[in-house]
Amino acid sequence: MKRFAYPMAAALSSLALVLAVQAARAMPRQVQAGKNRLRMSIVGEGSPTVIFDTFGPANLEIWNRVQPAVSRFARTVSYDHGGYWGSEPGPKPRDARQIVRELREALMAANLQPPYVLVGYSFGGPYMRVFAGMYPVEVAGMVFVDPTQEDFMVWLEKAFPPFAEISNRHMAAQDEVANRWVSMDLARDSRLPEVPMALITGTKCHDQLTRWVMPRWLAAHKDWLATHPHARHIITTNSGHNILLNEPELVMQAIQGVIAGRNSNQE
Amino acid sequence: MRSPAFAIAWEIWWRHRAGMTLLPCGLLLCGFLNRTAFRQGEWAGFAVALSYAVLAMAMILTFGFFHFTEGQRKGGFGSYPQRLFRMPVPTAWLAAWPMIYGTAAVGVLYLACDWLMFVPLDRPLPKLWPCLYLVSGFTLYQAILWSFPERRYLKLFLLTLGAMFIAFCWMFFLPHMIEGTLADWGYEGSPKSVQRGLLVFFAATGPAAWGFSWLRLRGQRHGIAEGVRGGAAVIERLAEWLPARTERFASPDAALFWHEWRQTGFILPLAVAGVLAMTCIPSWLSGPLTGQTTMGLLTWMVIAPVLLAAIIGRGFAKPDFWSPQLGVPAFIARRPVSAGQIVFAKLKAALCSVSLTWGMTGITAVVWFAAAGDFGGIDALLAQGKIYYPGGQRWLLAGLLLAGGMMLSWRFLVSGLAAGLSGAKGWFYASNGITAAILVGILACFIWTGDNDDHPIRLYNLWPWVEWLPAILCGLVIAKLATAAWAWSRAHEAGMVGGRGVAGYFAAWILAAALLALAAGIAFPNTPWLRNLLWLCAALVPPLAGPGVALITWSANRTGGSP
């Protein structure tokens, strides 16, 4: 029995050790970002560094289908916003400027030097625009994945007022939700650098509501792109807003295209 | 002894002197911490939650100290100590004194908890109605335990029914329950009049319980035969119709399993059935539920078997569930069977018990959901599932999670075998203490996180600790494997278990761990760190070292040696 039990225990223990080492290596780390620490996942090597961002309540794991693919050809960073998931709360008000400031401090603390390719999903779009407006020389390219547009939100507020209401809980916390209108104003006022850009719009409708808002959503993207003629518009009919989950390869290709465009510009 | 009252008090004290000394010390410690370290700051919220959990645990212990029963032929879950019937004391007083001591203890303990733990945190408890409730609940508890000797399942049924009734009435005194759950259930009346009626009813319960106990104890004392009447008669007649076992057992293993199954197999299913009845019947009668309430109740139905398995597992681990003794019963000790056969019979009985429980829970949940549930919540869950997992994967994951729930229940049911079968009281009670502390901690965290949005149990505060998880889990897995290899090898060498038995159990363990690992792999395919941690957890959930050590401790207990 000893000849069976002990080798088996040794083999399984070795397997456990390998799994634990892999888990420890892949685990996101908390990085100092001024007064608070942000949970960041840094994967891959190379330049430029691709930064993934979205709205605060979503965690960095939302990028799990995109980030590993992109990390094969670039260094990638995803993170949790201050006060959500694994990131400590930061100074208030939690508007786009504060979010961007914390992100940049964390990037510096993690020794991740520019240039950056900014990838913003949903409300991460406005945040990345504010980043590009605040630090234009550090940005090498931008990819917007079904981003939230301020014109669309203004229309939605009029068409469906309850959507614009901010609950007392969010107001009391002065969190990102409470500051979303401020953040969108900041995004509108941001001047973006002339860098390669791509915008992906998911047009697949899955219910009555999305069928109703889709023309406006698409129109808002087209209107914004009209002011940035060098940006590429990718429209997919295979995904709705969940492009990151349904078509991660499309996002990866868009990022690849932006990096290639940046490299050819440099040449 | 100077008087019967003093003799009864002395007996209660002597039997539970250790617990009765430790309990006030624990309360004083909690009170001291609440007055000093926890009084203010971010931990104050946790202190309140912990205080509620400690109060609940203290009440359970007090009910345990003062139930004043003694094992009859079938063990500890017995009835009033019949040897006291020989005392020259009227039956009315024999019933009265333990009730008076118990009710006094419960009331004083509640007020002491309030003064020691809640007042320093500026969260004083209501006094009158909870005291009345606890006191009447305690007298009912004693009356049920004393009045039906040798009828353990009837006692369990009545205790469940009583707990259901008390829990339901308790809701009328909680403003958030009146505005929330009771309003959801369609209650629109005046809570004040209901409260008054309930207070009168419960004030009358104590004397009624005493009167009933007196009559029943008098019958037992004077040997008046208990007539089988009413519902009990129907149950007994039905039982006569059930097929009785007449043929010989195919093997000693089959006989052992049958014995174990008959003795302990039905406890978990019955307890879960009670909880399901408490959950399903009121919510079904109360009319349409919201999607959120439906999901909440479904979640509770899934958690209940696991939680109850953790509690019942403490008793299941003993050689005899119903006995307060940890020694091997003579009936088992004399049988010419190996330790492996006995431990495997226990493991098998636990598996059957868990399968029956989960089968019953599944059927009840489906029927209840179809009859009373709202599909909104489950639709939202399915829609979320569709986003993350394609068709077949979704259902496979659901099936694996169900299997995981069953496995976890089984794990908790048999987790104390090594300590329970050892006969070593210190080890057994220490392991129970650890389980109780974990349950209290979970309960406190649950109350705390539900009560307060802004608390330190946030991922960002815990993350530095989470980063240690790979090392901790890896260490636990290696320790488990090393212990298992040592224990099973030693048990095999000593002839406690055959080579095929060991290989079979190892194969079953690998299969169970692989199923859990598959669930983790499907659930988190793109999050390697979380997936790997869950794979390590998958190796920890199915028991491997515990049953091996149980073989050794059981043998030592049986032969009178030290484990």
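Starting afresh in each chain, residues are numbered from 1 along the sequence in its written order. Each chain is given a letter, starting from A, and each ligand a number, starting from 1, according to the order in which they appear as written. Only residues with pLDDT of at least 70 get local features here, since the model is predicted, and only at 80 or more are side-chain atom pairs given and counted; chain-wide, interface and lining totals rely on the full set of residues.

**A few points about the overall build of chain A**
Each helix corresponds to a stretch of at least 4 residues labelled H or I by DSSP, and each strand to a stretch of at least 2 residues labelled E; elements are numbered beginning at the N terminus. Check the secondary structure of chain A and you find eleven helices and eight strands. Rg of the C-alpha trace for chain A: 20 Å, near the compact-globule value of 18 Å for 267 residues, within the 12% margin. C-alpha extents for chain A along the principal axes are approximately 75 × 50 × 40 Å. Buried, partly exposed and exposed are defined by the number of other C-beta atoms within 10 Å of a residue's own C-beta, namely 20 or more, between the two limits, and 12 or fewer respectively, with C-beta atoms placed from the backbone. By the burial criterion, 45% of the 267 residues in chain A qualify as buried. Excluding contacts between residues fewer than 6 apart, the proportion of contacts in chain A whose partners are at least 24 apart in sequence is 76%. A radius of gyration in this sense is built from C-alpha atoms; the matching globule rule multiplies 2.2 Å by the number of residues raised to 0.38. Our contact criterion uses C-beta atoms placed from the backbone: two residues qualify when those atoms are within 7 Å.

**Examining the interface of chain A and chain B**
Opposite the 28 residues of chain A that make contact, chain B presents 31 residues. When residues of the side of chain A that touches chain B are assigned to their parent elements, the largest contribution, 14 residues, is made by helix 1 (residues 2-26) of chain A. Grouping the amino acids of the side of chain A that touches chain B by side-chain chemistry returns 16 nonpolar, seven polar and five charged. Residues are grouped as follows: Ala, Val, Leu, Ile, Met, Phe, Trp, Tyr, Cys and Pro are nonpolar; Asp, Glu, Lys and Arg are charged; every other residue, Gly included, is polar.

**Focus: the packing of helix 14 (residues 339-372) of chain B against helix 23 (residues 545-559) of chain B**
The description of two helices packed together rests on the angle between their axes and the distance between the axes. All names here are of chain B. Orientation of helix 14 relative to helix 23, taken along the N-to-C sense of each, is 130°, at an axis distance of 9 Å. As far as their axial angle goes, helix 23 and helix 14 are oblique. Crossing handedness for the pair helix 14 and helix 23: right-handed. Across the interface between the two elements, A339, G340, I342, V343 and L347 from helix 14 touch P547, A550, L551, W554 and S555 from helix 23. Grouping the constituent residues of the contact of helix 14 with helix 23 by class yields eight nonpolar, two polar and no charged. Axes here refer to lines fitted to C-alpha atoms; in helices the fit is confined to the stretch in contact. Angles between the N-to-C directions go from 0 to 180 degrees. Here is the rule for angles: anything less than 35 degrees is roughly parallel, anything more than 145 is roughly antiparallel, 65 through 115 is roughly perpendicular, and the remaining ranges are oblique. For any pair of crossing helices, the crossing counts as left-handed if the nearer helix is rotated counterclockwise from the farther one by less than a right angle, and right-handed if it is rotated clockwise.

**Examining the nonpolar core**
In this structure, L268, A309, V343, L413, L536 and L551 of chain B are the most contacted members of the largest nonpolar core, which totals 82 residues. The leading source of residues in this core is helix 14 of chain B, at ten residues. In contact with L536 of chain B, not counting residues within four places along its chain, are A16, L19 and A20 of chain A together with L473, C474 and V477 of chain B. The nonpolar core is taken to be a set of buried Ala, Val, Leu, Ile, Met, Phe, Trp, Tyr and Cys residues joined by way of C-beta atoms within 7 Å. In terms of nonpolar packing, the next biggest core, distinct from the first, is built from 55 residues, I51, V77, V119 and I200 of chain A among them.

**Things to note about the environment of N246 of chain A**
All names here are of chain A. Mapped onto the secondary structure, N246 falls in helix 10 (residues 243-246). Taking the C-alpha atoms as reference points, N246 and R65, separated by 181 residues in sequence, lie 9.1 Å from one another. Excluding anything up to four places from it in sequence, N246 contacts N238 and S239.

**Considerations on unusual backbone geometry**
Residue and element names in this part refer to chain A. Residues S47 and P48 are joined by a peptide bond in cis, for which omega reads 0°. In this chain, P114 is followed by P115 through a cis amide linkage whose omega measures 10°. A positive phi angle, near 60°, is found at N111, a position not held by glycine. When you line up the elements, N111 lands in the loop between helix 3 (96-109) and strand 5 (116-121). Owing to 8 C-beta atoms within 10 Å, N111 belongs among the exposed residues under this scheme. A positive phi angle, close to 45°, is found at D146, a residue other than glycine. Judged by the 24 C-beta atoms lying within 10 Å of it, D146 is buried.

**Points about the sheet that holds strand 3 (residues 49-53) of chain A**
Residue and element names in this part refer to chain A. Should DSSP find at least two bridges between two strands, the strands are taken to pair. Judged by pairing direction, the sheet is mixed, and its eight strands sit side by side in the order 1-2-4-3-5-6-7-8 without closing on themselves. Because the sheet does not close on itself, it has two edges, and the strands there are strand 1 (29-33) and strand 8 (232-236). Sheet twist, expressed as the mean angle between neighbouring strand axes with direction ignored, is 25°. Taken together, the four bridges between strand 3 and strand 4 (residues 75-79) define a ladder with parallel strand orientation. Along strand 4, the bridge assignment pairs I51 with V77. Its contacts with the sheet place helix 11 (residues 248-266) against strand 3, strand 5, strand 6 (139-145), strand 7 (197-202) and strand 8, and it is angled at close to 155° to strand 6.

**Considerations on the confidence of the model for chain B**
Note on scores: pLDDT gives the predictor's confidence for each residue, bounded by 0 and 100. Looking at chain B, pLDDT values average 85 and 90% of them are 70 or higher. Interface confidence for the predicted complex, given as ipTM, is 0.90, next to a pTM of 0.80.

**Some thoughts on the pairing of strand 5 of chain A**
Residue and element names in this part refer to chain A. Most of strand 5 sits inside the fold, with six of its six residues counted as buried. Residues of strand 5 alternate between two faces, with Y116, L118 and G120 on one and V117, V119 and Y121 on the opposite face, all of them buried. Note that strand 3 and strand 5 share five bridges and pair parallel. Of the residues in strand 5, the one forming a bridge with D53 is G120. Between the parallel pair strand 5 and strand 6, the chain is carried across by helix 4 (residues 124-134), and the sense of this crossover is right-handed. Throughout, right-handed denotes a crossover for which the path from the first strand over the helix to the second runs clockwise when the strands point away from the viewer.

**Comments concerning helix 11 of chain A**
Residues that lie three or four places apart on an α-helix share one face, since the helix turns once every 3.6 residues. Residue and element names in this part refer to chain A. Taking 1.5 Å per residue, 19 residues should reach 27 Å; helix 11 reaches 27 Å between its end C-alpha atoms and fits that length. Restricting attention to buried positions, one finds in helix 11 the residues P248, V251, M252, A254, I255, V258 and I259. Angular distribution of buried residues about the axis of helix 11 spans 160°; they occupy a single face of the element. When the buried face of helix 11 is taken as reference, the exposed residues oriented beyond 90 degrees from it are E249, A260 and S264. In this scheme, a helix's expected span is set at 1.5 Å multiplied by one less than its residue total. This arc describes the spread of directions from the helix axis toward the C-beta atoms.

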